[in-house]
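Read off the chains here:
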Amino acid sequence: MARYDFIVLGAGPAGRRAAIQAAKLGKSVVVVDERAKVGGVSVHTGTIPSKTLRETALNLSGWRERAFYGQGYRTRSTICSDDLDQRIGKTFDYEVAVLEHQFARNGVQTITGHGIFKSAHEIAIVREIGGSQVEEVIEGEKILISVGTRPYRPAHIPFNSTNVFDSDSFILQPQMPSSLTVVGGGVIGLEYATIFSALDIPVTLIEPNEQLLPFMDREIVDHLVQSMRERGMNLRLGCSLSHVHFSESGDPICQLADGRLIGSKMVLFAAGREGSTSGLNLEAAGLDVKPEARGRLEVDRTTFQTSVPHIYAAGDVIGFPSLASTSMEQGRAVACHAFGDAIAADDQKPPYGVYAVPELSSVGMTEDDARKAGIPYECGIARFKETSRGHIMGLEAGILKLICHRETRKLIGVHVVGEGASELVHIGQAVLNLGGTIDYFVENSFNYPTLAEGYKVAALDLWNRLQVTPAAHKAKKPKAKRKAA
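Because the structure is a prediction, the values reported are computed rather than measured. (Residues numbered from 1 in each chain as written. Predicted model: local features only at pLDDT ≥ 70, side-chain atom pairs only at ≥ 80, totals over all residues. Heavy atoms only, no water.)

Enquirer: Looking at this structure, I do not really get the overall build of the protein chain. What am I missing?
Expert: From N to C terminus, the protein chain includes 15 helices and 22 strands. Against the globule reference of 23 Å for 485 residues, the protein chain gives a C-alpha radius of gyration of 26 Å, in line with a compact fold. Expressed along its principal axes, the backbone C-alpha trace of the protein chain runs to roughly 110 × 65 × 45 Å. The buried share among the 485 residues of the protein chain stands at 50%. (Helix = DSSP H or I, 4+ residues; strand = E, 2+ residues; numbered from the N terminus. Rg over C-alpha atoms; globule rule 2.2 N^0.38 Å. Buried < 20%, exposed > 50% of the residue type's maximum accessible area, 1.4 Å probe, protein only.)

In structure tokens form, the structure reads like this:
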């Protein structure tokens, strides 16, 4: 039986970062993944292909140039599914090659197969060889579960991978339907709905909650919603899906709980995901998953240990925020803790990114967060269309919002919606995590013209608002009368 210092189940962002970190600490490491190529959900059906699809759609459609050349402007008159698939394929091959090189360079071994717990330290790897199943058992001192998630597929939805898809099957065979209904207004649903709307496909979005993206600042989400409505997207918020049936021609029809019908050529069901833990035989390792957890594991959020101390879990399989960026840092923290290296203090605020059209990104507190915490705060806004760079680019949408502590002037929140939001947010992230104030933006110069100049505009807006203090509204006390001599 082969023995390793570290066994990693899953080659996604958390798994690969943990494996490489452990290898750099001089440990013997093996990564087990049932896919023939490394990368996990992130590379195969998640982050990389969906963001590649977004960039392809914006480039081929001429979306970014329409403010100048009119809504009828197109880079290409016709766009087909092959156009979408070709670029995704090239990006996939590149990402896999990079990851394989990183593993090889750091001495990380990989095994293709399905990993199953035989005991708390033993993993059975099941794989197909010559038409029959072969099982190999390996032993690990430490084990990381980073198997990611899969789409939630309720039994009453007639998935057929023809015109009713989940998010995985949808990206594996991207198509250009004449109309699309997206069920689920979370991150994944919003991204796909707005991407295909940018391709001039009529899109209807169904979401049972009245508010989209409740973890983000209301003002920037409202800005996104306004942009979606202005370009003709049909938003059915506060509406739940009852069932899907088919017309005589075979097209799917979504029936809402209130009886309304929505017909389209294709349906994408993107209402949630669940942890890919059902086939791991967790009971053999002494682990348990609560039924209401949808396959996700509970961990200590500092060390990422499960209830069995030498078994860790990281990435999407432990739930929110389910971002590739945070998953990578979780994986690195796992390897450091498992093998006695220092873990960075967990006081850094990570940025969140939603790659809708337009994209959103934020770091730190929202206005709601500040109100609930009883923090005296103030906000400043910069509108992209009012900056020189925004005008040059023809941007009609987009805002950068700063939130600071009214008394200390410390930056406590940065929220951006619009072109380049996921890049711009990192400037604010650095200042916020270093404990800086809005004075940094007021007192420093920015390249001109740039969208980053919006930080100075928003900070000056904040500075103006901070000049209005409670003391300025107090009535002046009358002078005391002199006593008679």
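Now that the structure has been shown, the text picks up again.
Enquirer: Quick question: what am I supposed to make of the sheet that holds strand β11 (residues 234–237) here?
Expert: To summarise the sheet geometry, strands pair through backbone hydrogen bonds and adopt either a parallel or an antiparallel arrangement. Read from one edge to the other, the open sheet built from five strands follows the order β8-β15-β9-β10-β11, with strand pairing classed as parallel. Looking at which strands have only one partner, the edges of the open sheet turn out to be β8 (164–166) and β11. Between one strand axis and the next, the sheet turns through 15° on average, direction left out of account. Summarising the sheet, strand β9 (residues 180–183) and strand β15 (residues 266–269) pair through four bridges and their orientation is parallel. Within β15, the position partnered with threonine 181 by the bridge is valine 267. Against the sheet, helix α7 (residues 187–198) makes contact with β9, β10 (203–207) and β15, and its axis sits at roughly 165° relative to β10, the strand it touches most. (Pairing = 2+ DSSP bridges. Axes fitted to C-alpha atoms, helices over the stretch in contact; angles between N-to-C directions. Contact = heavy atoms within 4.5 Å.)

Enquirer: When you look at the packing of aromatic side chains in this model, what are you seeing that I'm missing?
Expert: Here a ring pair, both rings aromatic, is described through the centre-centre distance and the interplanar angle of the planes. Per the counting criterion, the structure on display carries 11 aromatic pairs. Relative to phenylalanine 269, the ring of phenylalanine 159 lies with its centre 5.8 Å away and its plane at 85°, an arrangement referred to as edge-to-face. Of this pair, phenylalanine 159 sits in the loop between β7 (149–151) and β8 while phenylalanine 269 sits in strand β15, and the two are 110 residues apart along the sequence. In this structure phenylalanine 159 comes out as buried when scored by relative accessible area, which is 17%. Between phenylalanine 215 and tyrosine 352 the ring centres are 6.1 Å apart and the planes differ by 75°, which places this aromatic pair in the edge-to-face class. One end of the pair, phenylalanine 215, is in the loop between β10 and α8 (218–230); the other, tyrosine 352, is in strand β18 (residues 352–354), with 137 residues separating them in the sequence. Each member of the aromatic cluster is reached from another via a ring pair, and the members are Phe165, Phe170, Tyr192 and Phe196. Positioned over the ring face of phenylalanine 159 is arginine 153, at 4.2 Å from the centre of the ring. Against the face of tyrosine 152 rests arginine 294, its NZ or CZ located 3.7 Å from the ring centre. (Phe/Tyr/Trp six-rings, centres within 6.5 Å; stacked < 30°, edge-to-face > 60°. Lys NZ or Arg CZ within 6 Å of the ring centre and 35° of its normal.)

Enquirer: Which parts of the structure should I look at to understand empty space enclosed by the protein?
Expert: Picture a little ball the size of a water molecule; that probe, rolled over the atoms, points out where space is still empty. Tallied over the full model, the rule gives one cavity of 30 Å³ or more. The computed volume of the largest cavity comes to approximately 30 Å³. Surrounding the largest cavity, Asp288, Val289, Lys290, Ala293, Arg296, Leu297 and Glu298 form its lining. (1 Å grid on protein atoms, 1.4 Å probe; cavity = no way out; pocket = protein on both sides within 12 Å on 5 of 7 lines; lining within 4 Å. Points joined across faces, edges and corners; volume = space filled by probe spheres on them.)

Enquirer: Hey, could you run me through the environment of glutamate 139 in this one?
Expert: Within the element layout of this structure, glutamate 139 appears in strand β6 (residues 132–145). Put simply, glutamate 139 and arginine 3 are 136 residues apart on the chain and 4.7 Å apart in space, counted from C-alpha to C-alpha. Those residues in contact with glutamate 139, other than ones at most four positions away along the chain, are Met1, Ala2, Arg3, Tyr4, Ile7, His121 and Glu122.

Enquirer: Help me understand the state of the cysteines in this model?
Expert: As used here, a disulfide is simply a covalent bond connecting the sulfur atoms of two cysteines. One pass over the structure, following the stated rule, counts zero disulfides. With no disulfide partner, cysteine 254 has as its closest neighbouring cysteine sulfur the one in cysteine 239, 12 Å distant. Judged by its relative accessible area of 0%, cysteine 254 falls in the buried class. (Disulfide = S-S within 2.5 Å.)

Enquirer: How should the pairing of strand β2 (residues 29–33) be read in this particular structure?
Expert: Consecutive residues of a regular strand have side chains that alternate between opposite faces of the sheet. Taken across its five residues, β2 has five buried, putting it largely inside the fold. Neither face of β2 is left uncovered, since the one carrying Val29, Val31 and Asp33 and the one carrying Val30 and Val32 both have all their residues buried. Pairing analysis gives four bridges linking strand β1 (residues 2–9) to β2, with the strands arranged parallel. Bridging across to β2, isoleucine 7 finds its partner in valine 30. The parallel pair β1 and β2, bridged by helix α1 (residues 13–24), forms a crossover whose chirality is right-handed. (Right-handed = clockwise from strand over helix to strand, strands pointing away.)

Enquirer: When you look at the packing of helix α3 (residues 47–61) against α7 in this model, what are you seeing that I'm missing?
Expert: At a closest axis distance of 9 Å, the pairing of α3 and α7 adopts a crossing angle of 20°. Classified by the angle their axes make, α3 and α7 are roughly parallel. Read as a crossing pair, α3 and α7 show a hand that is left-handed. Facing α3, whose interface residues are Ser50, Lys51, Leu53, Arg54, Ala57, Leu58 and Ser61, α7 presents Glu191, Tyr192, Ile195, Phe196 and Ala198. In terms of residue class, the contact of α3 with α7 is built from seven nonpolar, two polar and three charged. (Parallel < 35°, antiparallel > 145°, perpendicular 65-115°, else oblique. Left-handed = near helix turned anticlockwise from the far one by under 90°. Nonpolar A, V, L, I, M, F, W, Y, C, P; charged D, E, K, R; others polar.)

Enquirer: Even after reading the chapter, I still don't get α3, so can you show me in this structure?
Expert: The periodicity of an α-helix, 3.6 residues per turn, causes residues three or four places apart in sequence to face the same way. Compared with the 21 Å implied by 1.5 Å per residue over 15 residues, the 21 Å span of α3 between its first and last C-alpha is a close match. Three or more residues of α3 are buried, namely Pro49, Ser50, Thr52, Leu53, Arg54, Thr56, Ala57, Leu58, Leu60 and Ser61. In this structure, the buried residues of α3 make contact with α2 (40–44), α4 (66–69), α5 (81–105), α6 (167–172) and α7. Once α3 finishes, glycine 62 follows within two positions and takes phi at roughly 75°, a positive value. (Expected span 1.5 Å × (residues − 1).)

Enquirer: Please clarify how the packing of α3 against α5 should be interpreted in this entry.
Expert: Two measures define how a pair of helices packs: the angle their axes make with one another and the distance between the axes. With their axes 9 Å apart at the nearest point, α3 and α5 run at an angle of 135° to one another. Taken together, the axis directions place α3 and α5 in an arrangement best described as oblique. Taken as a pair, α3 and α5 cross one another with a handedness that is right-handed. Between α3 and α5, the residues in contact are Ile48, Pro49, Thr52, Leu53, Glu55, Thr56, Asn59 and Leu60 and Asp83, Leu84, Arg87, Ile88, Thr91 and Glu95, respectively. Classifying every residue of the contact of α3 with α5 by side-chain character gives six nonpolar, four polar and four charged.

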